[in-house]
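# Examination of the molecular architecture
Single-letter residue listing:
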Amino acid sequence: MTSMTMAKALNEGLRRSLDRFPKALMIGEDIGKLGGVFRITDGLQKDFGEDRIIDSPLAESGLVGVGVGLAMRGFRPICEIQFDGFVYPAFDQIVSQVAKQHARTSGAYKMAMVIRIPFGGHIGAIEHHSESPESYFAHTAGLRVVSPSNPHDAYWMIQEAVACDDPVIFCEPKCRYWDKGDVDETNSGLSIWSAAVLREGSDVTLVTYGPSVKTALHVAEVAATEGRSLEVIDLRSVAPVDFATVVASVEKTGRLVVVSEAPSTASVAASVVATVTERAFYSLRAPALQVTGYHVPYPPSRIESHVMPNTDRILDAVDRVMEFES
Amino acid sequence: MTSMTMAKALNEGLRRSLDRFPKALMIGEDIGKLGGVFRITDGLQKDFGEDRIIDSPLAESGLVGVGVGLAMRGFRPICEIQFDGFVYPAFDQIVSQVAKQHARTSGAYKMAMVIRIPFGGHIGAIEHHSESPESYFAHTAGLRVVSPSNPHDAYWMIQEAVACDDPVIFCEPKCRYWDKGDVDETNSGLSIWSAAVLREGSDVTLVTYGPSVKTALHVAEVAATEGRSLEVIDLRSVAPVDFATVVASVEKTGRLVVVSEAPSTASVAASVVATVTERAFYSLRAPALQVTGYHVPYPPSRIESHVMPNTDRILDAVDRVMEFES
Amino acid sequence: MKEVPAVQLLTPEGLRVEHDEYACSLNAEEIFGLYRDMAIVRRICHEATSLQRQGQLALWAPVQGQEAAQIGAGRAMAPKDFSFPSYREHGIAWCRGIPPTDWLRLFRGVSMGGWDPVQYRHSVPTIVIGNQVLNAVGYAMGIQRDGAEEAVMTFFGDGATSQGDVAEGFGFGAVFNAPIVFFMQNNQWAISEPTSRQTLIPLYHRAEGYGFPGIRVDGNDVLAVYEVTKRALDNARAGAGPTLIEAFTYRMGAHTTSDDPTRYRVDAEVELWKHRDPVERVKSYLIREHQMSPKKFEEVAAEADQMAAELRVNVLSMPDPEPLSIFDHAYAEPHPLVEEGRRDLADFVGGAS
Amino acid sequence: MKEVPAVQLLTPEGLRVEHDEYACSLNAEEIFGLYRDMAIVRRICHEATSLQRQGQLALWAPVQGQEAAQIGAGRAMAPKDFSFPSYREHGIAWCRGIPPTDWLRLFRGVSMGGWDPVQYRHSVPTIVIGNQVLNAVGYAMGIQRDGAEEAVMTFFGDGATSQGDVAEGFGFGAVFNAPIVFFMQNNQWAISEPTSRQTLIPLYHRAEGYGFPGIRVDGNDVLAVYEVTKRALDNARAGAGPTLIEAFTYRMGAHTTSDDPTRYRVDAEVELWKHRDPVERVKSYLIREHQMSPKKFEEVAAEADQMAAELRVNVLSMPDPEPLSIFDHAYAEPHPLVEEGRRDLADFVGGAS
Ligand SMILES: Cc1ncc(C[n+]2csc(CCOP(=O)(O)OP(=O)(O)O)c2C)c(N)n1
Ligand SMILES: Cc1ncc(C[n+]2csc(CCOP(=O)(O)OP(=O)(O)O)c2C)c(N)n1
Ligand SMILES: [Mg+2]
Ligand SMILES: [Mg+2]
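Residues numbered from 1 in each chain as written. Chains lettered and ligands numbered in written order. Predicted model: local features only at pLDDT ≥ 70, side-chain atom pairs only at ≥ 80, totals over all residues. Heavy atoms only, no water.

### Concerning the overall build of chain A
As a reminder, the rule being used: Each helix is a run of DSSP H or I of at least 4 residues and each strand a run of E of at least 2, with the numbering of both proceeding from the N terminus. Buried means the residue's accessible area, taken with a 1.4 Å probe over protein chains only, is under 20% of the maximum for its type, while exposed means over 50%, and partly exposed covers the values in between. Contacts between residues were defined by any pair of non-hydrogen atoms, one from each residue, lying within 4.5 Å. Working definition of accessibility: Shrake-Rupley area with a 1.4 Å probe, residue cover restricted to the visible protein chains. By the counting scheme adopted, Arg and Lys are positive, Glu and Asp are negative, and His together with the chain ends is not counted. In plain terms, the charge of a residue is placed at NZ if it is Lys, CZ if Arg, CG if Asp and CD if Glu.
A tally of regular secondary structure across chain A gives 12 helices and 14 strands. The principal-axis extents of the C-alpha atoms in chain A amount to approximately 65 × 40 × 40 Å. Residues classed as buried in chain A amount to 75% of the 326 residues present. The long-range fraction of contacts in chain A, counting pairs at least 24 apart against all pairs at least 6 apart in sequence, stands at 81%. In the structure as shown, chain A presents an accessible area of about 8400 Å², 47% of it carried by carbon and sulfur atoms. Averaging the coordinates of the 30 positive side-chain charges in chain A and doing the same for the 41 negative ones gives two points 4 Å apart.

### Here's the deal with the packing of aromatic side chains
Using the following cut-off: Stacked, edge-to-face and tilted labels apply to pairs of Phe, Tyr and Trp rings (six-membered ring for Trp) whose centres lie within 6.5 Å, assigned for plane angles under 30 degrees, over 60, and everything in between, in that order.
One pass over the structure, following the stated rule, counts 63 aromatic pairs over all chains. Taking the centre distance of 3.7 Å and the plane angle of 10° together, the rings of Phe-91 of chain A and Phe-91 of chain B count as stacked. With one member in each of two chains, Phe-91 of chain A in helix 4 (residues 91-98) and Phe-91 of chain B in helix 4 (residues 91-98) form a pair that bridges those chains. Both residues of the pair, Phe-91 of chain A and Phe-91 of chain B, count as buried.

### Quick word on the site of ligand 2
Keep this limit in mind: We call a residue near a molecule or strand as soon as one heavy atom of that residue lies within 4 Å of the molecule or strand. We define a polar contact as two N or O atoms separated by no more than 3.5 Å, with the added condition that, inside protein, one atom must be a possible hydrogen donor and the other a possible acceptor, whereas residues neighbouring each other in sequence contribute only through side-chain atom pairs. Gly is put with the polar residues, along with every residue not named as nonpolar or charged; the nonpolar set is Ala, Val, Leu, Ile, Met, Phe, Trp, Tyr, Cys and Pro, and the charged set is Asp, Glu, Lys and Arg.
Lining the immediate surroundings of ligand 2 are 20 residues, of which Glu-60 of chain A together with Tyr-87, Arg-88, Asp-158 and Asn-187 of chain D lie closest. The environment of ligand 2 is shared, with nearby residues belonging to chains A and D. Take Ile-129 of chain D: an N or O atom from its main chain is 3.1 Å from a nitrogen atom of ligand 2. The side chain of Asp-158 of chain D places a nitrogen or oxygen atom 2.8 Å from an oxygen atom of ligand 2. Relative to its unbound accessible surface of 580 Å², ligand 2 loses 95% to contact with the protein. Among the residues forming the shell around ligand 2, the class breakdown is 10 nonpolar, 6 polar and 4 charged.

### Focus on the sheet that holds strand 13 (residues 256-263) of chain B
Residues and elements named next belong to chain B. Definition in use: We treat two strands as partners when DSSP finds at least two bridges between them. Orientation is described by lines fitted to C-alpha atoms, with helices fitted over the stretch in contact, and by angles between N-to-C directions that extend from 0 to 180 degrees.
The 5 strands are arranged 9-11-10-13-14 in an open sheet whose pairing can be described as mixed. In this open sheet, the two edge strands, each paired with only one partner strand, are strand 9 (196-199) and strand 14 (289-293). The mean angle between the axes of side-by-side strands here comes to 25°, regardless of whether they run parallel or antiparallel. Helix 9 (residues 243-253) contacts strand 9, strand 10 (204-208), strand 11 (230-234) and strand 13 of the sheet and is inclined by roughly 175° relative to strand 11.

### Observations regarding the coordination of the magnesium ion (ligand 3)
Residue and element names in this part refer to chain C. Note the cut-off: Any nitrogen, oxygen or sulfur atom within 2.8 Å of a metal ion counts as a donor, with the limit raised to 3.2 Å for Na, K and Ca, and since water is left out, coordination shells can look unfinished.
Distances from the magnesium ion (ligand 3) to its protein donors, namely Asp-158 (OD), Asn-187 (OD1) and Trp-189 (O), fall within the range 2.0 to 2.1 Å. Classification of Asp-158 as buried rests on a relative accessible area of 1%. Judged by its relative accessible area of 5%, Asn-187 is buried.

### Regarding the coordination of the magnesium ion (ligand 4)
Angles at a metal have ideal values that depend on geometry: 109.5 degrees with four tetrahedral donors, 90 or 180 degrees with six octahedral donors. Residues and elements named next belong to chain D. For the magnesium ion (ligand 4), every protein donor is listed as Asp-158 (OD), Asn-187 (OD1) and Trp-189 (O), and the spread of their distances is 2.1 Å. All donors to the magnesium ion (ligand 4) come from one chain, and their sequence spacing reads D-x28-N-x1-W. Taken as a pair, Asp-158 in the loop between strand 2 (152-157) and helix 7 (164-175) and Asn-187 in the loop between strand 3 (180-186) and strand 4 (189-190) lie far apart in primary sequence, 29 residues in all. For the residue pair Asp-158 and Asn-187, the accessibility class agrees, reading buried in each case.

### Points about the domain arrangement of chain A
Residue and element names in this part refer to chain A. Going by this rule: Each domain's extent is set by a domain assignment, obtained either automatically or from a database. Here the buried area means the combined drop in accessible surface, using a 1.4 Å probe, for two parts upon being joined, counting both sides.
By domain assignment, chain A separates into domain 1 (2-183) and domain 2 (196-322). Computed over C-alpha atoms only, the centres of domain 1 and domain 2 are separated by 26 Å. With 24 residues of domain 1 in contact, the opposing surface of domain 2 contributes 22 residues. Of the roughly 1900 Å² buried where domain 1 meets domain 2, counting both sides, 51% is carbon and sulfur surface. Inspection of the region where domain 1 meets domain 2 yields 16 residue pairs in polar contact (both at pLDDT 80 or more). Secondary structure elements with two or more residues in the side of domain 1 that touches domain 2: helix 6 (134-138), strand 6 (144-146) and helix 7 (151-163). In the side of domain 1 that touches domain 2, the residues fall into 10 nonpolar, 9 polar and 5 charged.

### Regarding the interface of chain A and chain B
What counts is decided by this rule: A pair is scored as a salt bridge if a Lys or Arg side-chain nitrogen falls within 4 Å of a carboxyl oxygen belonging to Asp or Glu.
Residue-level contacts link 47 residues of chain A with 47 residues of chain B. When residues of chain A are sorted by the area they lose upon contact with chain B, Tyr-136, His-139 and Phe-281 of chain A head the list and together hold 18% of the total. The interface formed by chain A and chain B contains 4 salt bridges. Across the pair Lys-100 of chain B and Glu-131 of chain A runs a salt bridge whose closest N-O atoms are separated by 3.4 Å. Summed over the shared surface of chain A and chain B, the result is 16 residue pairs in polar contact (both at pLDDT 80 or more). Those elements giving two or more residues to the side of chain A that touches chain B turn out to be helix 4, helix 5 (101-104), helix 6, strand 13 (256-263), helix 10 (268-279) and strand 14 (289-293) of chain A. At 7 residues, helix 10 of chain A tops the list of elements feeding residues into the side of chain A that touches chain B.

### Some points on the domain arrangement of chain C
Here the domain parsing of chain C yields domain 1 (28-321) and domain 2 (325-353). A straight line from the C-alpha centre of domain 1 of chain C to that of domain 2 of chain C covers 37 Å.

Laid out in C-alpha cells, this is it:
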C-alpha cells in the first residue's frame, strides 16, 4: 500500500503499461517536457523517449486519427485530450474510425487504443474545461467508457484499459486528481468492468461514477446521521455498465438515485435508470430518480458548486425516493 | 390538401421559409445545381440564387462553422449535412459554438440555425449512410432536435424550425422521403414541440419518431388483429420531448414500448423510458421496454431489415409488456 | 481554373515526350502490363456498373477515366508498402492483388470491408471523406518507429482537400517527416461541385504551405504517374518525408450509380476528356511506337471479359451475411450488450441463443 | 526554424527603417497613441496577473510581449469592422473600446463572455482553438451578402494553425473571396510546444496553398503591424479577398497563470526577446526621433496605474452571478427542461420558483 494522489497513480499506471507493452505509446498536446497540463505524464518522455511520448501538433482529430493508423500498425496508442471540451474535434475520428474499424475489418485490426480525457467540473475553470462528454461515447457502439474515482482504481484501471484490445475512453475526474488515497500495487481487486459497492446500505442505492463518487460517499455519511442507510455504488465502467451489481443492490434497497454531472437527456444516468427499472421493476418501491447537471451549458465557475449535483441536491432526491409509497 | 412525397414537402417548406425570411439561406454540399443528393433542394438555387443557396466546399465543420458566423450577422442559415454519418466532422462546431453561443453572449446572438440531416437506415446504403445520431444532439444543452414522420409534418416542421430562434437539428427520415401523404398547406395542426397521438389504443403506448413511425403504425394494425389495442405516439420533437402527451397516454394504457433505430445506451429512447417511468410510476403495470438498434455498428444493408427494429421485434416487446403481471 | 503544366511522358495522342526530371524506366512489355491492368479494371468496373443496374449491387462508384492515375500509382508501390484508399480506388485494389469479387462486397451490402487489409497491405475503403489521410499518416509514423523501410500511400479526391482532416494529415506528415505519399486524384468534380468550389488555385500548391513537395502529374498518363509516384515513394522510404501528388484526371462516369451528372456538367467537357482517355492513350503508344499486334490487345479484352463473367457468377452467388454475424466483431473482447443482443436476435432469426 | 525577413519599420533598437512596400502613415502623436495603448494594456495585464495570484481570478492569459501585434492590428481596424478573438486578445479588446473590467469576467468565472459583442463589434473569446476562424469567415460571408463595406479580422495562434478548422477557414475564405484578415500571432509557443511542432516552414506560407497573400510582419513592431494590417483590411473591404498575416512575436510570460514555462523553455530565449520588447521599442523611437519628453511617458504610466487601480476595485466588488441565471439564455425560446431546472434549483438557492 502506498498513499498517492490520483495524478501520481495514473502516472505510475501509465509507466507500468509502457514497460509492459513495448508497443504502447502516448500522443497528446504538451505531454512531453511539460508532462501535460495536469502533469499526468510527468517524466515519461524523459524515460521512454520522444518516439513513445509524442507531443502532438495542436489538432485533436489529428492525434486520434494518427492513433488509428498506429493501432493498425500494431501499436497501442494512448491519446491524451487536454480537456473534456476539446475532444469534440476528434469526435468524427472516434465515432467513425476508432469505434468501427474492428468491426469493419472483421477483426483484422484491433483498435487497442485508450483516449484519456480529464473531465467534469469543480476546478474553477473557464468554459469548455468542465464538460462531461461520457454519454456521447457510451452511446457509441464499439467504444468502452470507464472512469476511476480514486487513486487505487486509477492505477489499475489505466493499466487494464491499455491492455484491453478494444478502444477505451478513459474519463479522469480532474477535480479528484489531487486527492490522495492508498494504492495497493500488488492486487488490483475488482476487474475494470465491475462496479464497486463502496458502502453498503439498505434504504437507497446511490449510483454514480468518477467525480461524483466522493460526493455520494459524503452524502451517505450525512444521510446516516439522519438515520438513512445508503448503499453507494461506483460504476467504474460507464459503458458497459455492470448491471448485475446495480440490480442486486436495488433488489435489496428498493430505491435508486443516479447522480452525474452531465445533463440527463440521453445520458448514462438516464440509461441506468431505464435498464435498472426494467430489470428490477417489481423491487422498486419508488421511481428511480436522477440528480444531474441541468439542461444548460456548464455554468460559470463561481457558481458551479451551487448548481451542479451537490450534497443538497442529492439528499433531496434521497428524501424524495424515501417519501414515495409512504 | 395536396398529396406529395416528404421530399417534395420539405422542398416546398424550404421554399416558403426562404420567401418568408429574406435572411434565410442554405449551405450544403451539392445543394445547388444538383438539388442535393436527395433532391430536397431541387430548383431552389435557380429561384433564390447562388448567394442564398450555397454549394459548400466539402467540409462539414466548415459549413456549420460559417453558419455560426452568418447567424451572428443576422442570417438564418439552414445547413444541409449530406448523410447522418457525415455530421461528426461538424460535431465540435455544433456542440461548442452552435449550442452555446446564445448562452455565452447572454442572448446577444441568436443561433437561429437549422441543421438538416437525412438520418436512419433502410435505404440499402453503404456504411455511414444509415446512422441515427439524434441522441448525441438531444444530450446537448442548447440544441433542439426534431424529426418529422410524414409529408404534412415535414412541410410544417421545417418552416417552424427555420422560424425558431434556437438551433434546431432537423432529422429527416430518409427512408420515408419518397412516401406520399396529404399536406394541408393552410393549417399546420400541432406545434412542432408537441407529440402526436397518431392512433388511440388502450393496452400499450408505443412511442417512436421519424422513420419508425410508419413501422409502429403497421405494428398497431397487426396487433389489432391479435386483439391488442396500441396507442401510437409520434414524438416529432425528440428534444425536448412532449412528456405531457406521453405520460397521459401511459397513465391510460399502463404500458410503454419505445422504439428507435439508435442503440439504447444513453439514447433518447432510454431517456423517454426513464422520465416516463419516473412520472407515471404507479400507472405502469409492466416495466417499460425499448426496441432499439443493437449495440453494434449499423449492419450491412442486405441484413438491415432483419436486425433493426422491425415488426417482429416490436410485436415481441408488446407481447412481453402484456405478459407481465399476468 | 487555368490548367497548369503537369508532368507528362505520353501525350493524349500517345506520343512519348521527354521530361526534364522524369525519365520512363519501363520497357514495352512492362508498359503493356500497365495497359492490361487498366483495361481489366475498366472492364470489371463496367461489369460492376451493370450488376448495379440489375439490382445486384446497392451502389457502385465507377473509376472510368482514372485508370492511369490508379494503375500508375498502384504499380509504383512496393509489395511491402501499405495503402489507404477512399471508395473509388478499384485500380489500386487490383494492383494490391485483391480479387475483384472482394471489391464489390461493400457495394452489395454484405460487408463493411470486403478483404483482409493485413494480407493485401491495403486498408478497406474509407467513406468519411478525409479520415483515411490521418490514419495513413499514423501508420507511416508506426513504420518509422519500427525502423522499417516501407512507405504508405493514401488516396483522396479534389473535394477531400477541403476537409480539416486532410489538412491535419499534411501537418502531421510534415512535422513527423512521415514516409507517406498523399495521392490526390483531381478528377475535376466532387459529386456536382467543380474543383473551383474547393480552391482558387491548383491543388498541388497546398503542399507548399507545409514545406514538402507538391507536384501535378497528368493523371491520364500512366507512365508519368508511375514515375512520379515511384520517386515519391522512394523518397518517403529513404526518409525524405511526404510528397503531395495531384493526378490531374477526370471522372468520365457518374459519381456513383445514384448520381445524374447531366444535372451539373456539360457534354462538351466529357467529350474533351474522351480525347484524353488514359487507356486508349497507352494503347496508341504501344501500337505506334512498339508495333504491338492487335492480337495482344484482343487477348487482354478476352481475359477481361472472362474475369467479368467470373465476377458476375461470384456476385450472383454471394450469400447474405448471417444476421447474428453483426455481433461477431463489434468488440474484440466480450461485451455484455453484445451478448444480450445476440441472444435477443437469435430468437427472431434462429441460431444459437 | 530559420527566421525569415519580416516587414519591419522599426528596428528592435527603435530606429525607423524604410520598407519597399510599406510606408509609415502615422505622425508622432499617433504613434504616441499606439505607445499609450500598449503601455496601458501591459499594465492592465500585469494587474490581472496579480489579481489572479491573489485568488481574485481563476485564471489569466497574459499578453505581455504581444502588445505591438495586437495594438497594431486593433488600431488598423475601422469601427465598422468586426473581430473574432481567441482568449489572449486583450489588446484588441482595448482597441474595440471594451472596458478592462469586462475582459476579466471570463477569467473570474462569472461569465462565459464578458461584454456585448454587438455593441463593440468584437466577439467574446473563443476558447476551442480554431473554431472562431470559421465563424469569422461566416460573418464575412454575411457582410458580402449585405453588400456592406466592412471587413472581419480573426485572431489565432501558431498552435492553432494545426487545427482542421483553421485550414477549412482558409479554404472557405478563399473560395468565397470573403472580406477577412486571418491574423496569426506566432508567439513561438503553443503552451509548451515550440512552433516547430506545428510546422517545418514559416507559417505565413500556408496562404500560398490557398491562393491568397500571406505575409510575415515583425509582430513586435507596432508600426509595421499597423500598416500591414491596414492594407489587408482595405483589400478585404475592397473585395480583394483574404490575407494571412503572421505577426512574428513572443509570449514573454507564461501561457496562463496555471503554466510553468521553466519546464520547457530556456531563459536565454526569453532574454533574447526582451531586447525586442515592443513597448520599449516604440518608446525609444519616440524619444530619439521625436524628442518626446519623459513626462508624457510618465503621464501614461500614471494613467495606466489609475486604470489598474480602478480595475482592482471593480474586480473585488464584482458579484457572482445569480445561480438561477444559468437558465436565462440557454435557449432563446421557452424550453420545458429549462423551466423544470429553474423550478428545481430555486428550491435550493431561493428565488422565484
Ligand atoms: C465527411 C463526408 N462528407 C460528405 C460525404 C459525401 N460524399 C461522398 S463522395 C463526395 C464527393 C467527394 O469528392 P472527391 O473528394 O473529389 O472524390 P471523388 O468522388 O471525386 O473521387 C461526397 C461529398 C462523405 N462521404 N463524407
Ligand atoms: C481544441 C483545443 N484543444 C486544446 C486546447 C488547450 N489549449 C489552450 S491554449 C493552447 C495552445 C494554443 O497555442 P497558440 O495557438 O499558439 O496560441 P497562444 O496560446 O500561443 O496564444 C492549447 C493547446 C484548446 N483550448 N482547444
Ligand atoms: Mg473528385
Ligand atoms: Mg502561440
